[in-house]
Every structure is written in C-alpha cells, then in structure tokens.
Amino acid sequence: MVIDFTGAPAKADLHRYLQDARDALLWKLEGLCEYDVRRPLTPTGTNLLGLVKHLACVELGYLGDVFGRPSGIPLPWVADGAEPNADMWATAEESRAFVVDLYRRAWAHADATIDALPLDAVGTVPWWPQERSEVTLHHAVVRVTADAQRHAGHADILRELIDGAVGMREDDGALPEGDAAWWQAHRARLERAAREA
C-alpha cells in the first residue's frame, strides 16, 4: 500500500504541529510584564520576545521568500549589514504588540504559501550553499515547524524560570500533580542523584 503524503491530510498534519508551536510560544508571553518578556535569561541573551521576533523572520523567509512569495514586510534586523543576532531581541522601541503582530502577519503569509502550493513545490533558499539550496515546500514546512517547536521548548524553560508557569497552554501543564513542597523534594532528590553520579 502506498500512502500519499503530498495532499491535504499531510498539509493539515504539518500545519497543526506548526500552529501548536506558534500558540505555545505566544502563551509564554501572557501575564508577564515588559521586563520579563524581554530580559535575557541565558548567557547568550535568550529571551521570550526575541524568540517570537526570530520565528517571524524564519516563517517569512522559509515560507515566503524561498518560494518567490515575498511578504513586503520590512525586516531591517536581518538585512545585509544588520547587527548580528538583531532578530533575537526586541529594542525598547519595538513594542510587544508590534512583535506579536509581526508574528501573526508572518503566520498569515506562511499559511497562504502552504495553502497555495503543493508540498512538492520547489523553492530556493538564497542563504544556503547553492549545491543544496533547492527545497520542497514539505521540507520547508518541516524545517520551520522543527525550529518553532525547538524555540517553544526554550520558551518553556524561560517562562518556568520567570514565574514557574509550565506547559503548552495555561490549562495543560503536562506535568504530574504536585504542590510546591512536592516539587521542591523532587528537585532535591534529582540534585542528590546528580551529585552521587
């Protein structure tokens, strides 16, 4: 039996996992002050709002420009000569509303590309070496989804460090039930095991 992975059911599956990551990432911003969504929580400066800004650029690039479907949305932080890593943080002038709107506009543009083209449509990634620059829409959607899920995982950790909130959604922590004392004891047990190893 041959299964066709190029049609509407395949697109729906791919889109669902991409949208799950998008929604999870934006949920990580909810209820936090401006400082908390922007503050760098790793030595490399990883922050929640920067992850959203970065993923907007990823979607507009891989699911727009690569397939000859430029969005027309200016992205000066990824243009030639831009400061390195400028897509991974928001300036004080770039409001949370601006970055979230940018991400939602990127979703709409990416979704239009996914809807318009077959999964075997071929595009060219201009920032990759020429010998491997051609990709199918299927490949691009998988790549963008993997990147979004990876950064949603980063956001999980950042949000837990900020206020303890965990999970893909506010109503789905995806962790065992336990009060603060249980989690403190659990963490202490893991610390002991790490030291004993």
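Residues numbered from 1 in each chain as written. Predicted model: local features only at pLDDT ≥ 70, side-chain atom pairs only at ≥ 80, totals over all residues. Heavy atoms only, no water.

Student: Any chance you could explain the nonpolar core here in plain terms?
Tutor: One broad trend across soluble globular proteins is that nonpolar side chains are buried collectively. Grouped together as the largest cluster of nonpolar side chains are 50 residues, with contacts concentrated most on L29, L63 and Y103. Within the residue set of this core, elements represented by two or more residues are α1 (8–27), α3 (48–62), α4 (96–116) and α5 (137–163). Considering each element in turn, this core owes the most residues, 10 residues, to α3. Apart from the residues within four sequence positions on either side, L63 is in contact with L18, V58, H109, A110, T113, I114, L137, A140, V141 and V144. (Core = buried A, V, L, I, M, F, W, Y, C linked by side-chain atoms within 4.5 Å. Buried < 20%, exposed > 50% of the residue type's maximum accessible area, 1.4 Å probe, protein only. Helix = DSSP H or I, 4+ residues; strand = E, 2+ residues; numbered from the N terminus. Contact = heavy atoms within 4.5 Å.)

Student: Sorry if this is basic, but what is going on with the packing of aromatic side chains here?
Tutor: When we look at a pair of aromatic rings, we describe it by the centre distance and by the angle of the planes. Taken as a whole, this structure holds 4 aromatic pairs when the rule is applied. Ring centres 6.3 Å apart and planes at 90° place the aromatic pair W77 and F98 in the edge-to-face group. Taken as a pair, W77 in the loop between α3 and α4 and F98 in helix α4 lie far apart in primary sequence, 21 residues in all. Taking relative accessible area as the criterion, W77 reaches 10% and is therefore assigned buried. On the numbers, 5.3 Å between centres and 75° between planes, the contact of Y103 with W107 is edge-to-face. One end of the pair is Y103 and the other is W107, both in helix α4 and 4 residues apart, which spans about a single turn. (Phe/Tyr/Trp six-rings, centres within 6.5 Å; stacked < 30°, edge-to-face > 60°.)

Student: For this particular structure, what's the right way to read α1?
Tutor: Under the 1.5 Å per step criterion, the end-to-end length of α1 is 28 Å for 20 residues, consistent within 8% with the ideal 28 Å. When α1 is considered as a whole, its buried residues turn out to be A10, K11, L14, L18, Q19, A21, R22, A24, L25, L26 and W27. For α1, the secondary structure elements touched by its buried residues are α3, α4 and α5. (Expected span 1.5 Å × (residues − 1).)

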